[in-house]
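# Report on the structure
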Amino acid sequence: MTDKQVLVTGACGEIGQALVQELAKRGGYRIVTADFMPLPDSIKGLAAEHVQGDLVYKIKTFYDYDFDIIFHLAASLSSKAEIATEEAHRINVEGTMQLLMLAAYRSEKYGKAVKFIFPSSIAAYGMPNLETKRAAGVVKEEDWNTPHTMYGCNKLYCEKLGMYYGQYYGQKHLDEKPPVMLDFRAIRFPGLISAFTLPSGGTSDYGPEMLHAAAQGKDYACFVRPDTKISFMAMPDAIKSMLMLMDAPRESLTSSVYNVAAFAITADEFRERAVNAFANANITYDPNPRRQGIVDSWPEDVDDARARSDWKWLPDYDVDRFFEEYFLPEIRKRYGK
Ligand code: AKB
């Protein structure tokens, strides 16, 4: 059997590196990567080709490839996007739009649905105030779709664009033979934590930054209040969820957008665990009002019942397993503590 051609954009980012490693481990894929940056050593030998540069300007290059699957990970994350809003819109929306057009074109022309896997985010939600956030607790996909950030607006809109290109593009009349459409699947991630890489430009970054700092014995001033609560997930679970969604038969999917959840904890619960694990940890609080506002607008937790029912999603790591069986052993190896 020939290898499936896969495009991974944003391959140098945290999710990108972990995904490329997992695809290579699985085998059966010819991996093409794309990013502004050259590939880091962690994945250098794993991609058949790397296209370096701005996706929006490089898009013509990709019309020469016969992609079966596109993982479009390239994005400007929430904190960074709030500082450079127009640039974020260009990266997050125009880049996605260009790739969706390419996938839609290829699907119709060659009669083979290109799978388009899109990581969306809890940033697609927007809670009006803390009282509402606390009262709402766990939110479903259709609740509170009123994002407060450029990044959240971009993610929510791109979900809609994906559904448009996947279902309605061309507006064929019911009597006409429907064309083959691209197969769009989005997953709304919580804050992600890897033991191997650090995020940059996000607002859930206080979780991983605090833990990595503690493991290295570095001081860390957390930019949100101790009681700040959102959901988080171990990076291996994020990769597992994307591959499960990719593998799910189309008939089993009742939606194009799925929440996934693992554990919801406060900043202070992170701190407590970090302090218990690393004697030299020195974690203080210095809330940044803008970043605090962003995290306060995100729900405390999300309901992933739809993913559990449609494609049997189940995370491997709850909060205890995350620390005991993934993060602490790996981070101790990494920093030698
Ligand atoms: C961010 O903080 O912007 C991201 C996200 C929650 O999507 N990690």
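Residues numbered from 1 in each chain as written. Predicted model: local features only at pLDDT ≥ 70, side-chain atom pairs only at ≥ 80, totals over all residues. Heavy atoms only, no water.

### Considerations on the pairing of strand β5 (residues 115-121)
Heads up, the condition is: Exposure classes here rest on a 1.4 Å probe applied to the protein chains alone. A residue is buried below 20% of its type maximum, exposed above 50%, and partly exposed in between. Numbered from the N terminus, helices here are DSSP runs of H or I no shorter than four residues, and strands are runs of E no shorter than two. What makes two strands pair is DSSP finding at least two bridges between them.
Counting buried residues along β5, six of its seven residues qualify, which places the element largely inside the surrounding structure. Examined bridge by bridge, strand β4 (residues 69-72) and β5 share three bridges and lie parallel to one another. Bridging across to β5, isoleucine 69 finds its partner in lysine 115. Note: β5 against strand β7 (residues 183-189), seven bridges, orientation parallel. Its bridge partner being in β7, lysine 115 is matched across the sheet by aspartate 183.

### Here we look at the pattern of salt bridges
Here is the rule: Throughout this description, the term salt bridge denotes a Lys or Arg side-chain nitrogen within 4 Å of a carboxyl oxygen of Asp or Glu.
Taken as a whole and assessed by the stated rule, the structure comprises 22 salt bridges. Here aspartate 183 and arginine 250 are joined by a salt bridge, their closest N and O atoms 2.4 Å apart. Of the two residues, aspartate 183 is situated in strand β7 and arginine 250 in the loop between α8 (235-247) and β11 (257-259); the sequence distance between them amounts to 67 residues. The partly exposed category is assigned to arginine 250, whose relative accessible area is 34%. Between aspartate 296 and arginine 225 there is a salt bridge, and its shortest N-O distance comes to 3.2 Å. Residue aspartate 296 is located in helix α10 (residues 289-297), and its partner arginine 225 is located in the loop between β9 (219-222) and β10 (229-234); the two are separated by 71 residues in the primary sequence.

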